[in-house]
Structure formats: C-alpha cells, structure tokens
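What the coordinates show
The chain contents come next:
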Amino acid sequence: MLKTRNKPYTTTLAFIMKKCLLCQEREADKTGSHIVPHFLLKRIDNQIGAKGRDKELGFVIGKLETKSYFGRNVLPEELEKVYGEVNDELIENNDISFIVDNFFCSTCETELGKLESEYALSLKKTAKRNTNYTSVKNKAIGFIFWISIIWRISILENSGFKLKTKEENKLRRILKKYLANSILDNNDQDLKNIGYKLLRSPNYPEGLATFLHCSPFNVRPYSFIIDEYILFFYFKSTYLNAMPSTFYGSEILIKDAEYNTPFTSETILSISDIDLKKIIQNFVNHGASIRMNEYVEILDELHRKLGGKGKMDEKLKQKILNNIASSTEPIGKKDSMENIRKIIITTMMENNKG
C-alpha cells in the first residue's frame, strides 16, 4: 500500500510480454514451444517404447554431471525405476530445457509447425548405404528446416552451442523472410555462400540410443549429431576446400555427401547403422574421457585445499573414481553432483579410518 496526500491507493504492475524472438514484432505469447521438433527428439529423450508427447524421459550430459528430466505424462512407476524415491522436490526441480515459454508468437510457432510437418514426410524416404538421395523436392524446405533448428538451439541459453552474433542474426533474417513463403530470392545476399551437408542412418534400430549434440568447437563447418542425422553447416562455401575438423569419425564420410545450397533440392548421404554406431560410441568415449579428467582435476584441487601438496595419492584417487563408476544409485541420481560429492566424502573418510 502506497500513500500520497493522505489518500491510500494501490498500484498494479502490468505484465509486459516480450516480443517474439523470430519476427521481433508480435508478442511472444506461445508456451510449450519445442526448440527441436518432437519427431527428431522422440528417440533421444522419450520413455522407452513411448512415442507421444509429454513422455520425455531423458538426460543432459555435462562435463561433471548428468542431469535428467521427464514429461508430465510419465507414470510414477516409470519415474521410480529411474530415480528411486519420487518426491515433491524432484517434481519441482524438473526442467525440460528444450521446451520453452514465451520465445515465439503464435503466428511464427504455427509456421514453424507447418515447416516441421512438411519436412517430417521425408523420413519415409531411404536409400542404400553410401548413396545420396533426394529427401524433399521443394528446394527451400530442407534448407529452412535445418537453419530453423540451428538458430533455435543457438538462442537457447545453456544449450552448449552459440553462433556468432552476425551468423545468428543472418539466420533469423532468413527465417523471418521465408518461413511462411518458401520462394527464395536469388538476389538475397543472406542466401549467398551458405549451405550444408547431411548424413543419415535411416535404418538405425529403434532400441539403440541416439543423442542431440552440438559441438562448440567445430565451426568450419558447424557440426551436429541429431538423432539419426549428422549435420555440417557452412557459412562460407570456401570451408569445403579445407580439411574438416575431427567429429567423432563422421568427417571421414563427409567427403561423399553432396553440398546443399538454398537453391537446390536437399540430398542426404545414407550411411549404415554400423557407421552411426561407431560415431556415437566415439562421442560417448570422448565424453567419458573428458569427465574423468575433470574429476581428476577436482580431486587434486581438493587435496591441496585440505593442506596437501601436489596431487592426491593415486591409490585413493583411483578408489574414488572406481566408486563413482560402480555406484548402485538409480540411473537418475548416479551421476548427479550430489551423489559424486557423497562418494568422494565417504571414500576419503573410509580411507582415513584405514
């Protein structure tokens, strides 16, 4: 309650809705927007055997820990398999980072949905291994679809991937101009010198794990693993002449993929499930190696903070790492920082007693 001239009055703060991040004109009134369309994520983060929406049950793998999330329609008994005890704190802290509110307006969201539905039809098309095949005949659909995904991942805070500002702005301008009207302007400078290569394992088994991974280090071209696809995106066609950066072995295959521009029908290089398995395993091994190195650095730093010199005793360090790897906590808690800390403290206390 505020007072002026001895007369009380109340004030109401009106909620000011921000502008749509795409058109930057209309209010961002849409909630529950998917940064990456559901048909690409359903194998990555859906409950095993479930294909419907709100059945997400996935993991975000970071350098130090693995966080998990779940959709509102996942049954309690399924959550108990992943987390053990399901309590209010778990429910309240649940966050599906690739579903966002108030990023887009209803108009832009509708147009993105139409684009995704049209591109999803291309999933029915397949080809023999090491064959480039046409996925969509409309020359703009594939191009606009993939830049819509790259741009949306880039604008999402904490996605682990960020375009340069000028690149992000360029993709937004292209989407704003052509999302609702896919007739591209041959004289548009934003469409010059830009394109992508695409690999796909169309027969990758449903029961095998896939990932959404955007490399923050591969920029010439930008490189992504998205379910059964591997995408290489070029902001300069001259990058085609350079040796591709290492990307878990997929760079060996990239030379056989055709280059897509905004003005060509999209072609995809079909790769075998064995090829994709190897690439994914290389990615998993790389991530595990990074995490172990991070743990080693943390343990050595902890050793020094507790008054020690140099590095932690190798036997104690290895025992801690072994205990982390062999933890019997449910998968949803096993690689959390809370559990890692508990293992470190317990192992060090037991070592001191011995």
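In what follows, the accompanying structure is described. Since the model is a prediction, treat every value here as computed from it, not as a measurement. (Residues numbered from 1 in each chain as written. Predicted model: local features only at pLDDT ≥ 70, side-chain atom pairs only at ≥ 80, totals over all residues. Heavy atoms only, no water.)

A look at the environment of Ile 141
On the secondary structure map, Ile 141 appears in helix α5 (residues 141-155). Distance in space between the C-alpha atoms of Ile 141 and Glu 301 is 51 Å, their sequence separation being 160 residues. Setting aside residues no more than four positions away along its own chain, Ile 141 makes contact with Leu 115, Glu 118, Tyr 119 and Val 136. (Helix = DSSP H or I, 4+ residues; strand = E, 2+ residues; numbered from the N terminus. Contact = heavy atoms within 4.5 Å.)

A short note on α5
For α5, with 15 residues, the first-to-last C-alpha span of 21 Å sits near the 21 Å given by 1.5 Å per residue. In terms of burial, α5 is a largely internal element, 15 of the 15 residues being buried. (Expected span 1.5 Å × (residues − 1). Buried < 20%, exposed > 50% of the residue type's maximum accessible area, 1.4 Å probe, protein only.)

Brief notes about the environment of Leu 175
With respect to the element layout, Leu 175 can be found in helix α6 (residues 165-178). With a relative accessible area of 1%, Leu 175 lands in the buried category. C-alpha separation for the pair Leu 175 and Trp 151, spaced 24 residues apart in sequence, amounts to 9.1 Å. If we ignore the near neighbours within four places in the chain, the residues touching Leu 175 are Leu 22, Ile 144, Ile 147, Ser 148 and Trp 151.

What about the nonpolar core?
The biggest cluster of nonpolar side chains holds 54 residues, and the ones touching the most others in it are Tyr 119, Trp 146, Leu 171 and Phe 233. Listed by contribution, the elements that provide at least two residues to this core are α1 (38-45), α4 (106-120), β7 (131-136), α5, α6, β8 (195-200), β10 (222-226) and β11 (229-234). Formed by 19 residues, the second largest nonpolar core is a distinct cluster that contains Leu 199, Leu 276, Ile 280 and Phe 283. (Core = buried A, V, L, I, M, F, W, Y, C linked by side-chain atoms within 4.5 Å.)

Structural notes on the side chain of Ser 33
Relative to the assigned elements, Ser 33 resides in strand β3 (residues 33-34). Among the polar contacts made by the side chain of Ser 33, one reaches the side chain of Glu 109 at a distance of 3.0 Å. With sequence-adjacent residues up to four places away left out, Ser 33 is seen in contact with Phe 98, Ile 99, Val 100, Phe 104 and Glu 109. (Polar contact = N/O pair within 3.5 Å; in protein donor to acceptor, adjacent residues only side chain to side chain.)

Brief notes about the pairing of strand β9 (residues 212-219)
Here four bridges tie β9 to β10, and the two strands are oriented antiparallel to one another. Each bridged residue has a counterpart across the sheet, and for Val 219 the counterpart in β10 is Tyr 222. Hairpin connection between β9 and β10: a loop of two residues separates the two successive antiparallel strands. (Pairing = 2+ DSSP bridges.)

Describing the packing of aromatic side chains
The geometry of two aromatic rings is summed up by the distance between their centres and the angle between their planes. Summed over all chains, the structure comprises 17 aromatic pairs. Geometrically, the ring pair formed by Phe 103 and Phe 104 is edge-to-face, given 6.1 Å between the ring centres and 75° between the ring planes. The residues Phe 103 and Phe 104 share a single accessibility class, namely buried. Their ring planes at 40° and their centres at 6.1 Å tell us that Phe 104 and Trp 151 sit as a pair that is tilted. Placement of Phe 104 in the loop between β6 (99-100) and α4 and of Trp 151 in helix α5 is noted, with a sequence separation of 47 residues between them. Ring-pair connections join several aromatic residues into one group, and the members of that group are Phe 161, Tyr 196, Tyr 222, Phe 224, Phe 233 and Phe 235. (Phe/Tyr/Trp six-rings, centres within 6.5 Å; stacked < 30°, edge-to-face > 60°.)

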